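Here are the chains, one letter per residue:
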Amino acid sequence: MKKYKRILIAGFILLCAFLLTLVTAVLIFRFIKHSRLYQAGQMATPTKDTKYTDLMDRLESDTSRSPAKSPSLNTGGTELHKEEPTETAVPARFQREALELAVAEVLEPNGSPWIVYAESLTSKDIAIYGKDATATDQMIAASMIKIFIMAAAYDQVEQGSIPESDLSEDIFSMITVSDNNAANRVTKRLGNGDASLGRQTVTDFARSIGCPGVEHNRLMLEDNGTQNYVSAADCARLLRMIYEGDCISSERSAQMLEVLLAQRDHDYIPAGVPDEVAVAHKGGDLMNCQGDVGIVFSESGPYIVCIISNSVFSEANTKAIGQVSALIFHAMNEEYGEASVKPKD
């Protein structure tokens, strides 16, 4: 009996050691990832990349980006699609069903839930693939909640409640290098020093623009037994409003787009598009969340991509997000065949 006891105790100790090693490895991976960004001097005010400044110049002179009615979504099943196009609608630029089947094949071996949302901003056509999730389901947000913190902050600036100088540096840092402390400072400033009121301000702002799935329940990396949530449909709506100049005001929309274009983490959506293509995006990851949401400015026209997984963090998921991004890029540019993913730096 004592012998079996010793074996059980030894087994338990080995199991604990294994779990501790696994958690430590994930934490080290995330630390190295973010340290690399800071060591590269990302916290400094950036020198504007030529492709980004050229893009902003083109967007400012583009008179076709007038606010448009958002497509209505049918939430009855896994796939959600827009209403039938009117006679004046631009023809779809991609084969929706073929894209959804290709995405399903890539994600088949991965855990769940997953949601993938792609929308052409020229034709307004939408493709959605959900694996145990729909576009309106709440998903653990990780740092993707920060696009809503940014928008709520600029809303307060626009209202004259907070000077822009109090927020601009932290907004830039929390988006471009995912600085959690900066995000928390912005949230607290929105609540006049009260984190709870600041979080509620973000949630209320999201609801005011038609994003009911957004909940800012905790500060970044705070452990209070809750999570922050977004939905793919909510993220797409905010990004669409920013692109169309209809989020708060055309000036604030342009500011937010410029900040998103300055993103320094290129592991997810950018991994599936050519280097010369500009991507305005914000990704995030936790032990149970990996994802990225953004606007890709491809030659054939801009499009929205929202890819969110709430399965266990893994390198396989990182690769899958890049592969799905590549599939969407090829579909949007009418280039079919096996998608290739750029190797990460």
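Colleague: Looking at this model, I keep getting lost on the nonpolar core. Mind explaining?
Modeller: Taken as a class, soluble globular proteins show a tendency for nonpolar side chains to be buried jointly. Membership of the largest hydrophobic core comes to 66 residues, with the highest contact counts inside it found for Tyr-117, Phe-148, Met-150, Met-174 and Cys-306. For Met-150, the contacting residues outside a window of four places in its chain are Ile-171, Met-174, Ile-175, Met-256, Val-259 and Leu-260. Residues Val-279, Ala-320, Val-324 and Ala-331 belong to the second largest nonpolar core, which totals 27 residues.

Colleague: Could you clarify how one ought to interpret the packing of aromatic side chains in this entry?
Modeller: The description of an aromatic ring pair uses the distance of the two centres, along with the angle that the planes make with each other. In this structure the tally under the stated criterion is 1 aromatic pair. Residues Tyr-243 and Phe-297 carry aromatic rings whose centres are separated by 6.3 Å and whose planes lie at 45° to one another, so their mutual orientation is tilted. Here Phe-297 lies in strand β6 (residues 289-298) and Tyr-243 lies in helix α8 (residues 232-243), a separation of 54 residues in the sequence. For the pair formed by Tyr-243 and Phe-297, the shared burial category is buried.

Colleague: I keep staring at the packing of helix α4 (residues 146-159) against helix α7 (residues 195-208) and nothing clicks. Help me out?
Modeller: Any two packed helices are characterised by how steeply their axes cross, that is the angle between the axes, and by the distance between the axes. At a minimum axis separation of 9 Å, α4 and α7 run at an interaxial angle of 90°. Compared by their axis directions, α4 and α7 come out roughly perpendicular. Of the residues in α7, those touching α4 at Phe-148, Ile-149, Ala-151, Ala-152, Asp-155 and Gln-156 are Thr-201, Val-202, Phe-205 and Ala-206. Grouping the constituent residues of the contact of α4 with α7 by class yields 7 nonpolar, 2 polar and 1 charged.

Colleague: Could you clarify how one ought to interpret the pattern of salt bridges in this entry?
Modeller: Pairs may arise between side chains of opposite charge once their charged atoms sit close together. What the rule picks out here adds up to 8 salt bridges. Glu-100 serves as the salt-bridge partner of Arg-96, at 3.4 Å between the closest nitrogen and oxygen. Taken together, the residues span about one helical turn, with Arg-96 and Glu-100 both in helix α3 (residues 96-107) at a distance of 4 residues. Judged by relative accessible area, Arg-96 falls into the partly exposed class, the value being 24%. Its relative accessible area of 6% is what places Glu-100 among the buried residues. A salt bridge links Arg-189 to Asp-166, with the shortest nitrogen-to-oxygen separation between them at 3.1 Å. Taken as a pair, Arg-189 in helix α6 (residues 180-190) and Asp-166 in the loop between α4 and α5 (168-176) lie far apart in primary sequence, 23 residues in all. It is possible to trace a salt-bridge network through shared partners that takes in Arg-96, Glu-97 and Glu-100.

Colleague: I'm lost on the environment of Leu-167 in this one. Help?
Modeller: Within the secondary structure, Leu-167 sits in the loop between α4 and α5. Expressed as a C-alpha distance, the spacing of Leu-167 and Ala-153, which sit 14 residues apart in the sequence, is 7.5 Å. Excluding its chain neighbours within four sequence positions, the residues that come into contact with Leu-167 are Ala-153, Val-157, Ile-162, Val-186 and Arg-189.

Colleague: Would you explain the pairing of strand β1 (residues 114-120) in this entry?
Modeller: Side-chain positions along a regular strand alternate between the two faces of the sheet. Burial of β1 is extensive: 7 of the 7 residues sit out of reach of the surface. Residues Trp-114, Val-116, Ala-118 and Ser-120 point to one face of β1 and Ile-115, Tyr-117 and Glu-119 to the other, with burial holding for every one of them. One ladder, built from 6 bridges, connects β1 with strand β2 (residues 126-131); its direction is antiparallel. In the sheet register, Val-116 faces β2, and the bridge partner there is Tyr-129. In sequence, β1 turns back onto β2 through a hairpin of 5 residues, with Lys-124 there showing a positive phi of about 70°. Pairing analysis gives 7 bridges linking β1 to strand β7 (residues 301-309), with the strands arranged antiparallel. Along β7, the bridge assignment pairs Ile-115 with Ile-308.

Calculation notes
Residues numbered from 1 in each chain as written. Predicted model: local features only at pLDDT ≥ 70, side-chain atom pairs only at ≥ 80, totals over all residues. Heavy atoms only, no water. Core = buried A, V, L, I, M, F, W, Y, C linked by side-chain atoms within 4.5 Å. Buried < 20%, exposed > 50% of the residue type's maximum accessible area, 1.4 Å probe, protein only. Contact = heavy atoms within 4.5 Å. Phe/Tyr/Trp six-rings, centres within 6.5 Å; stacked < 30°, edge-to-face > 60°. Helix = DSSP H or I, 4+ residues; strand = E, 2+ residues; numbered from the N terminus. Axes fitted to C-alpha atoms, helices over the stretch in contact; angles between N-to-C directions. Parallel < 35°, antiparallel > 145°, perpendicular 65-115°, else oblique. Nonpolar A, V, L, I, M, F, W, Y, C, P; charged D, E, K, R; others polar. Salt bridge = Lys/Arg side-chain N within 4 Å of Asp/Glu carboxyl O. Pairing = 2+ DSSP bridges.

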